[in-house]
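Results of the structural survey
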Amino acid sequence: MAEKKKPIIVNVEGEDITAQHEKEKAEGISQVGPPIQQAPPVGNAKGLRIGAVALWVLAIIFEVLTVLVVFGKVNLSFMPQLTQMIIFLVLDLACVVAGAQLWKKANHIDPVSEANSTKFWIWNNMGLIVCALAFVPFIILLLTNKNADKKTKMVGVIVAVIALLIGGLLGYDYNPVSAEDKQEAMAVFGEEDVYWTRFGKCYHTHDDCQSFSQSEQLTKGTVEQAIAANRTKFCSFCAKRDDITNVKTDDEALNEENAQDIQEAEDALEDEVPAAK
Ligand SMILES: [Zn+2]
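Residues numbered from 1 in each chain as written. Predicted model: local features only at pLDDT ≥ 70, side-chain atom pairs only at ≥ 80, totals over all residues. Heavy atoms only, no water.

Once that is clear, we can look at the overall build of the protein chain. Across its full length, the protein chain holds 11 helices and 5 strands. For the protein chain, the residues scored as buried account for 41% of the 277 residues in total. Taking all contacts inside the protein chain whose residues are at least 6 apart in sequence as the whole, residues at least 24 apart take part in 72%. A total accessible area of about 15,900 Å² is found for the protein chain, and carbon and sulfur atoms account for 61% of it. (Helix = DSSP H or I, 4+ residues; strand = E, 2+ residues; numbered from the N terminus. Buried < 20%, exposed > 50% of the residue type's maximum accessible area, 1.4 Å probe, protein only. Contact = heavy atoms within 4.5 Å. Areas by Shrake-Rupley, 256 points an atom, 1.4 Å probe, with all protein chains shown as cover.)

Quick look at the structure:
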C-alpha cells in the first residue's frame, strides 16, 4: 500500500484529479482548504426501495414466527421458548431498521412532492409505519393470549416495546427532502461542486467555508450527491457569501458545525455583561 499522506481526489469517473486540484489551489483558483474526497455515486432509488420492501416483508415474517412461537405452533426444541421469541424479535427489528435506512436513502435520491403534506409524511416515514406493523400486532396478540405464561408475556412485551421504540426512532426521517427542495437546489447549483463535512448537516459552495474547522475532511460532489448523502440544506454562510437566497438554508446545522464560534461568542458576551442574577 502506498503511503497515505493526503487523500487522493477522484472525479465521478474515477480519474485521479489530485494534481489538478493542487494546481488550482496553487494558482488561487481553488482556496487552500482542508483535504477533500469525492462523494460516492448517487445510487439507484428503485433498487434501494426494492431492498427496503424485501427487508420489511422479512420483518413481518419474523413477527409471524414470533407469534407462532408464543402460541406453541413453532418450537425449535433445541432452545427455550423465551430465547426463540427474543431471537425472532431481534431479527424482526434488524430487518425493520435496515429496510428503513434503505428507504430513507431512496427518498433522498428520488424525493416525493410535498404538495400533499399527508402523503409526503407517510411516504417519508414508511419506516416508522412498518415498525408499528412489525411489533404492535405481536404485543396485542401476546397480551390477549390466555395460554402464555406470565414471564413470557412480561419479557415479550418489554422486548417488543423496546424494539418498537428503537425501530421507530431509527425509522423516522428527521431530515426529509421534497422533490421541490431538490429541484430548487439543482436549478441553482446544477453540476457545480458542493462540499460537506463528515458530521455536518448542510452542504457548502466554498471549501474554505468559515464553519469548517481546519483539519476537517471534506467530501465533494454535486448537490444531487449532497442530498443523497443526507445534506439537504445549503449552508447559510455560503448562501450569504454567494448572495443566494432561493435555496433552503440550514441555520441549525450551521450552529452545530460552528459550535466553537458560538462558544466564543457566548464567552465574549459573558465578558461584556457580567453575570447578573
Ligand atoms: Zn458554508
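At 2.1 to 2.3 Å from the zinc ion lie its protein donor atoms, namely His204 (ND1), Cys209 (SG), Cys235 (SG) and Cys238 (SG). Classification of the site at the zinc ion rests on its 4 donor atoms, whose angles at the metal span 97 to 120°, yielding the label tetrahedral. Positions of the donor residues of the zinc ion along the chain correspond to the pattern H-x4-C-x25-C-x2-C. For the residue pair His204 and Cys209, the accessibility class agrees, reading buried in each case. (Donors = N, O, S within 2.8 Å, 3.2 Å for Na, K, Ca; no water. Tetrahedral: all angles 85-135°; square planar, octahedral: opposite > 155°, others 65-115°.)

Next up on the list: the sheet that holds strand β4 (residues 218-221). Pairing is mixed in the open sheet, where 3 strands are placed in the order β1-β4-β2. Looking along the sheet, the strands with just one partner apiece sit at the ends: β1 (36-38) and β2 (194-197). With strand direction ignored, the average angle separating the axes of adjacent strands in the sheet is 35°. In this structure, β1 lies alongside β4, joined through 3 bridges in parallel fashion. Across the sheet, the residue bridging to Ile36 is Leu218, located in β4. (Pairing = 2+ DSSP bridges. Axes fitted to C-alpha atoms, helices over the stretch in contact; angles between N-to-C directions.)

Let's shift gears to the nonpolar core. Counting 25 residues, the largest nonpolar core has Val70, Met85, Leu89, Val96, Phe135, Phe138 and Leu142 as the members making the most contacts within it. Counting residues per element, the ones that place at least two in this core are α2 (45-70), α3 (81-109), α5 (126-144) and α6 (150-171). Ranked by the residues each element gives to this core, the list is headed by α3, at 8 residues. If near-sequence neighbours (up to four positions away) are discounted, Leu142 is found in contact with Val70, Ala148, Thr152, Lys153, Gly156 and Val157. (Core = buried A, V, L, I, M, F, W, Y, C linked by side-chain atoms within 4.5 Å.)

This part is about the environment of Cys238. Among the structural elements, Cys238 can be located in helix α9 (residues 236-242). Taking relative accessible area as the criterion, Cys238 reaches 0% and is therefore assigned buried. With near-sequence residues (within four places) excluded, Cys238 lies in contact with His204, Thr205, His206 and Cys209.

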